[in-house]
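As a plain string of letters, each chain reads:
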Amino acid sequence: QVQLVESGGGLVQAGGSLRLSCAASGSIGSINRMGWYRQAPGNQRELVASITSGGNTNLADSVKGRFTISRDNAKNTMTLQMNSLKPEDTAVYHCYAVIDYSTWWGQGTQVTVSS
């Protein structure tokens, strides 16, 4: 079993910053890709950012220039630095990890951006 635990969500005013973290533990072999999805009420799930074990990143157009994704392979952790937050960034953010062709998910953390 693999556990993914997110932290760092909360309430912030528009223009502010938050840092989300995701820590993987358990029967971890080699974590291939890690990333973040978000889902707001009434909206489809959206891929926000992802990063490979080699450090190649992919960011949604809506967050480019504002969000940065990084990971520490030795610690099995991942971080999403979110700057210049907008009300439309409000959502539940879930981290995921692809390990040996299986995808594992965290429980999610709420991010709320007030205008």
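The preceding data block contains the structure.
K.L.:
Quick question: what am I supposed to make of the pattern of salt bridges here?
P.N.:
If charged atoms from side chains of opposite charge come close, those side chains can pair. Taken as a whole, this structure holds 4 salt bridges when the rule is applied. A salt bridge links Arg66 to Asp89, with the shortest nitrogen-to-oxygen separation between them at 2.7 Å. With Arg66 in the loop between strand S6 (57-59) and strand S7 (67-72) and Asp89 in the loop between strand S8 (77-82) and strand S9 (91-99), this residue pair connects regions lying 23 residues apart in the sequence. With relative accessibility at 0%, the residue Asp89 sits in the buried group. Among the charged side chains, a network of salt bridges with common partners joins Arg38, Glu46, Arg66 and Asp89.

K.L.:
Teacher, can you tell me more about the nonpolar core here?
P.N.:
Proteins that are soluble and globular tend to have nonpolar side chains buried together. With 29 residues, the main nonpolar core has Trp36, Val48, Phe67, Met78, Leu80, Met82 and Tyr93 as its most contacted residues. At the level of elements, strand S1 (2-7), strand S3 (18-26), strand S4 (31-39), strand S5 (46-51), S7, S8, S9 and strand S11 (109-114) are the ones that each hand at least two residues to this core. Among the elements that make up this core, the one with the highest residue count is S9 (5 residues). Aside from chain neighbours lying at most four places away, what touches Phe67 is Arg38, Val48, Leu59, Leu80, Gln81, Met82, Asn83, Leu85, Asp89 and Tyr93.

K.L.:
Is there a simple way to explain the environment of Arg33 in this structure?
P.N.:
Tracing the sequence through the fold places Arg33 in strand S4. Sequence spacing of Arg33 and Gln44 is 11 residues, and the spatial spacing of their C-alpha atoms is 21 Å. Apart from residues no more than four positions distant in its own chain, Arg33 is found in contact with Ser50, Ile51, Thr52, Arg71, Tyr96, Ala97 and Val98. At 3.0 Å, the side chain of Arg33 and the side chain of Ser50 are in polar contact.

K.L.:
How should unusual backbone geometry be read in this particular structure?
P.N.:
With the exception of glycine, the majority of residues adopt a negative phi angle, and the majority of peptide bonds are in the trans configuration. For Asn76, which is not glycine, the phi dihedral falls at a positive 55°. By secondary structure assignment, the location of Asn76 is in the loop between S7 and S8. The phi dihedral of Ser84 falls on the positive side, at around 50°, and the residue is not glycine. Examined against the element boundaries, Ser84 turns out to sit in the loop between S8 and S9.

K.L.:
What is the right way to look at the pairing of S1 in this model?
P.N.:
The two faces of the sheet receive side chains in turn, since in a regular strand these alternate between them. Along S1, the buried face is formed by Val2, Leu4 and Glu6; none of Gln3, Val5 and Ser7, which line the opposite face, is buried. Of the pairings in the sheet, the one linking S1 to S3 comprises 6 bridges and is antiparallel in character. Across the sheet, Glu6 pairs through a bridge with Cys22, a residue of S3.

K.L.:
Looking at this structure, how should I read the packing of aromatic side chains?
P.N.:
The description of an aromatic ring pair uses the distance of the two centres, along with the angle that the planes make with each other. For the structure shown, the criterion picks out 3 aromatic pairs. Each ring, one from Tyr37 and one from Trp105, has its centre 5.4 Å from the other, and the planes form 55°; the classification is tilted. Here Tyr37 is found in strand S4, whereas its partner Trp105 is found in strand S10 (residues 102-105), with 68 residues between them in sequence. In this structure Trp105 comes out as partly exposed when scored by relative accessible area, which is 35%. Ring geometry for Tyr96 versus Trp105: centroids 5.5 Å apart, planes at 40°, classification tilted. Here the aromatic residues Tyr37, Tyr96 and Trp105 are joined through ring pairs into a cluster of three or more.

Rules and cut-offs
- Residues numbered from 1 in each chain as written.
- Predicted model: local features only at pLDDT ≥ 70, side-chain atom pairs only at ≥ 80, totals over all residues.
- Heavy atoms only, no water.
- Salt bridge = Lys/Arg side-chain N within 4 Å of Asp/Glu carboxyl O.
- Helix = DSSP H or I, 4+ residues; strand = E, 2+ residues; numbered from the N terminus.
- Buried < 20%, exposed > 50% of the residue type's maximum accessible area, 1.4 Å probe, protein only.
- Core = buried A, V, L, I, M, F, W, Y, C linked by side-chain atoms within 4.5 Å.
- Contact = heavy atoms within 4.5 Å.
- Polar contact = N/O pair within 3.5 Å; in protein donor to acceptor, adjacent residues only side chain to side chain.
- Pairing = 2+ DSSP bridges.
- Phe/Tyr/Trp six-rings, centres within 6.5 Å; stacked < 30°, edge-to-face > 60°.

What is shown is where atoms sit, not what they do.
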